[in-house]
Structures are given as C-alpha cells and as structure tokens.
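# Results of the structural survey
This is what each chain is made of:
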Amino acid sequence: MTDEAANWLAYLGKSPEESRFDQWLDSRRVYERPHRPEDDEAYSEDEGEAIRNARASEIEEVERLSIALIYVGARNYQRLFGEVESTGQFVLKQLALYAKGVQGYPGFASPLPFGIAFGQDAQTIRQVLGAPTATRALHGLVSDLWVREDFTINVSYIHADERLGILHVRRPHLYDLRMLGKLPCEHDAAAIDPNKLARRF
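This structure is a prediction, so every number in the text was calculated from the model and none was measured. (Residues numbered from 1 in each chain as written. Predicted model: local features only at pLDDT ≥ 70, side-chain atom pairs only at ≥ 80, totals over all residues. Heavy atoms only, no water.)

## Considering the overall build of the protein
Summing up its helical and strand segments, the protein has seven helices and seven strands in all. For the protein, the sequential pattern of α-helices and β-strands runs α-α-α-β-β-α-β-α-β-β-β-β-α-α. Within the span of the protein, comprising 201 residues, buried residues form 41% of the whole. When contacts within the protein are restricted to residue pairs at least 6 apart in sequence, those whose partners lie at least 24 apart make up 50%. Summed over all atoms, the accessible surface of the protein reaches about 11,800 Å², with 47% contributed by carbon and sulfur. (Helix = DSSP H or I, 4+ residues; strand = E, 2+ residues; numbered from the N terminus. Buried < 20%, exposed > 50% of the residue type's maximum accessible area, 1.4 Å probe, protein only. Contact = heavy atoms within 4.5 Å. Areas by Shrake-Rupley, 256 points an atom, 1.4 Å probe, with all protein chains shown as cover.)

Written as structure tokens, this is what we have:
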C-alpha cells in the first residue's frame with residue numbers, strides 16, 4: 001500500500017482530536033474539523049443554523065486533495081464498529097478518494113491502495129480484488145463492494161465505459177464481521193417472526 005494512502009487509512013476509526021491525526025491533517029493543510037451545534041459560532045443567535053453547520057462539518061470535502069473525510073459521532077461509531085481506539089467527540093468513519101474530473105476534482109495524486117487504479121474497468125478490478133461481495137447502484141453509479149477483515153471497499157464506476165472513479169474505504173462494522181463469520185450472531189434467525197418484521201417496515 002502506498003505511503004499517502006496508507007497514512008489516510010491508518011486514521012480510520014480515530015478522532016481528529018488525537019494529536020497525531022490532528023498533526024497529519026494540519027500537514028496536509030486540512031484545517032476544518034467536525035463540531036457539535038453548541039460549538040458552532042451561530043449557536044447563540046440561530047440554533048437551527050448551528051445544527052445544520054454541525055451536520056455539514058461531518059463531511060469534509062478537500063477538493064485540492066480530491067478526498068472526502070466522513071466523520072461520525074464517537075458514540076454512534078462505537079455502537080456499529082465496536083470500541084473506539086482514541087478519545088474525542090468525532091471519529092473518521094470513511095475515506096473517499098476521487099479520480100480526476102469527478103465533481104471537478106483534480107484527482108487523488110498518489111497511487112491507490114489494494115493494487116487498483118483509477119481508470120481501470122470492473123473486470124480488471126475484480127481480477128485484483130476477487131469476486132465482489134455485492135454489486136449495486138449507489139447514487140446512480142454501478143458499484144462493487146468487498147467486505148474484508150481489514151477494510152470494507154466500495155468501488156464506484158463512472159462514464160459510459162464504467163471506469164473506477166470513486167473509492168470509498170472504511171473499517172468493517174459488526175454486521176460485516178458477522179457476515180464473514182468473525183462474530184457470532186446475537187439472534188437466531190429461525191426465531192424471528194416474519195409477520196412482526198412486516199409490520200415494522
């Protein structure tokens with residue numbers, strides 16, 4: 001894995017309030033951080049605006065680097081992913097890397113992780129990563145998903161020839177690990193009443 005990509009991926013599950021992560025962000029001239037509504041400058045005059053600003057702060061799009069940092073509250077992260085490795089209000093849940101031209105971005109300049117590259121077609125990527133766990137439409141784009149023990153990888157294809165344009169990476173959450181057989185299921189599927197489920201959805 002390349003150093004630049006590896007460094008970004010190393011901070012998945014970490015809080016930007018952690019000194020090493022904070023310094024890494026500063027070294028890449030990424031100065032915005034996620035924050036709570038009560039910490040927003042608009043909070044005293046317009047609580048609704050402060051709430052909107054706080055929600056927007058959880059997705060930091062850095063056009064210059066062609067990345068997006070997707071944060072989530074630490075408590076919500078812990079519920080889905082397990083123990084948080086660092087202290088802080090927010091945790092980096094997911095990293096998105098963009099190819100040149102996607103959303104007007106110049107393109108992530110360093111080589112991608114996992115032995116794949118922007119511009120490759122689905123057949124080439126599947127030869128490298130193996131058969132995907134799932135293929136679906138995501139925000140109007142054909143996407144392949146791989147659930148692995150270390151990372152969950154989502155590849156979105158763009159243009160008419162369906163080439164890799166967006167790469168999303170996160171740590172596997174509890175449901176991913178159960179699907180892989182790495183964690184036991186808490187409930188017996190045979191004991192679930194389908195009629196009760198139907199009433200819930």
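## Overview of the pattern of salt bridges
As enumerated under the stated definition, the model contains eight salt bridges in all. Note that Arg 33 is salt-bridged to Asp 22, the shortest N-O span being 2.9 Å. Here Arg 33, found in the loop between helix H2 (19–27) and helix H3 (47–56), pairs with Asp 22, found in helix H2; they are eleven residues apart in sequence, far enough to count as distant. What makes Asp 22 partly exposed here is its relative accessible area of 27%. (Salt bridge = Lys/Arg side-chain N within 4 Å of Asp/Glu carboxyl O.)

## Focus: helix H5 (residues 122–129)
Regarding H5, the residues found buried are Ala 122, Ile 125 and Leu 129. The arc that holds the buried residues of H5, viewed along the axis, is 65°, so those residues lie on one side. Facing away from the buried side of H5 by more than 90 degrees, the exposed set consists of Gln 123 and Gln 127. If you follow the buried residues of H5, they end up packed against strand S5 (141–147), strand S6 (152–158) and strand S7 (163–170). A positive phi of about 90° marks Gly 130, the residue just after H5. (Arc of directions from axis to C-beta.)

## Brief notes about the sheet that holds strand S4 (residues 134–138)
The seven strands lie next to each other as S1-S2-S3-S7-S6-S5-S4, forming an open sheet whose pairing is antiparallel. Both outer strands of the open sheet, strand S1 (59–62) and S4, are each paired with one neighbouring strand and no more. Neighbour-to-neighbour, the strand axes of this sheet turn through a mean angle of 20°, independent of strand direction. Of the strand pairs in this sheet, strand S3 (residues 90–98) and S7 are connected by five bridges, and their pairing is antiparallel. Across the sheet, residue Leu 97 finds its bridge partner in S7, namely Leu 167. (Pairing = 2+ DSSP bridges. Axes fitted to C-alpha atoms, helices over the stretch in contact; angles between N-to-C directions.)

## Structural notes on the packing of aromatic side chains
Applying the stated rule across the entire model yields six aromatic pairs. Seen in terms of ring centroids, Tyr 77 and Phe 81 are 4.2 Å apart; in terms of plane orientation they differ by 5°. Their pairing is stacked. You can see Tyr 77 and its partner Phe 81 sitting in helix H4 (residues 74–81), four residues apart, about one turn around the helix. For the pair Tyr 77 and Phe 81, one class covers both residues: buried. Looking at Arg 178, its charged tip hangs above the ring of Tyr 175, at a distance of 5.4 Å from the centre. (Phe/Tyr/Trp six-rings, centres within 6.5 Å; stacked < 30°, edge-to-face > 60°. Lys NZ or Arg CZ within 6 Å of the ring centre and 35° of its normal.)

## Here's the deal with the pairing of S4
By the bridge criterion, five bridges tie S4 to S5 in an arrangement that is antiparallel. Counterpart to Ala 137 in the pairing with S5 is Val 142. The hairpin formed by S4 and S5 contains two residues between the paired strands, and His 139 there has a positive phi angle of roughly 55°.

## What to know about a negative patch on the surface
A contiguous patch of negative charge, built from Glu 41, Glu 45, Asp 46, Glu 47 and Glu 49, is present on the exposed surface. Assignment of secondary structure puts Glu 41 in the loop between H2 and H3. (Patch = residues over 30% accessible without salt bridge, like charges linked within 9 Å, V, L, I, M, F, W, Y side chains within 5 Å. Lys, Arg positive; Asp, Glu negative; His and termini not counted. Charge placed at Lys NZ, Arg CZ, Asp CG, Glu CD.)

## Quick word on the environment of Ala 42
By secondary structure assignment, the location of Ala 42 is in the loop between H2 and H3. We classify Ala 42 as buried; its relative accessible area is 11%. Considering only alpha carbons, one finds Ala 42 and Asn 53, eleven residues apart in sequence, at a separation of 8.5 Å. Excluding residues that lie within four positions of it along the chain, Ala 42 makes contacts with Glu 47, Glu 49, Ala 50 and Asn 53.

## Focus on the nonpolar core
In terms of nonpolar packing, the biggest core is built from 31 residues, with Trp 8, Ile 67, Leu 69 and Val 155 touching the most fellow members. Elements with a minimum of two residues in this core: helix H1 (3–10), H2, strand S2 (67–73), S3, H5, S6 and S7. In this structure, Ala 96, Tyr 98, Ala 99 and Ile 158 belong to the second largest nonpolar core, which totals eight residues. (Core = buried A, V, L, I, M, F, W, Y, C linked by side-chain atoms within 4.5 Å.)

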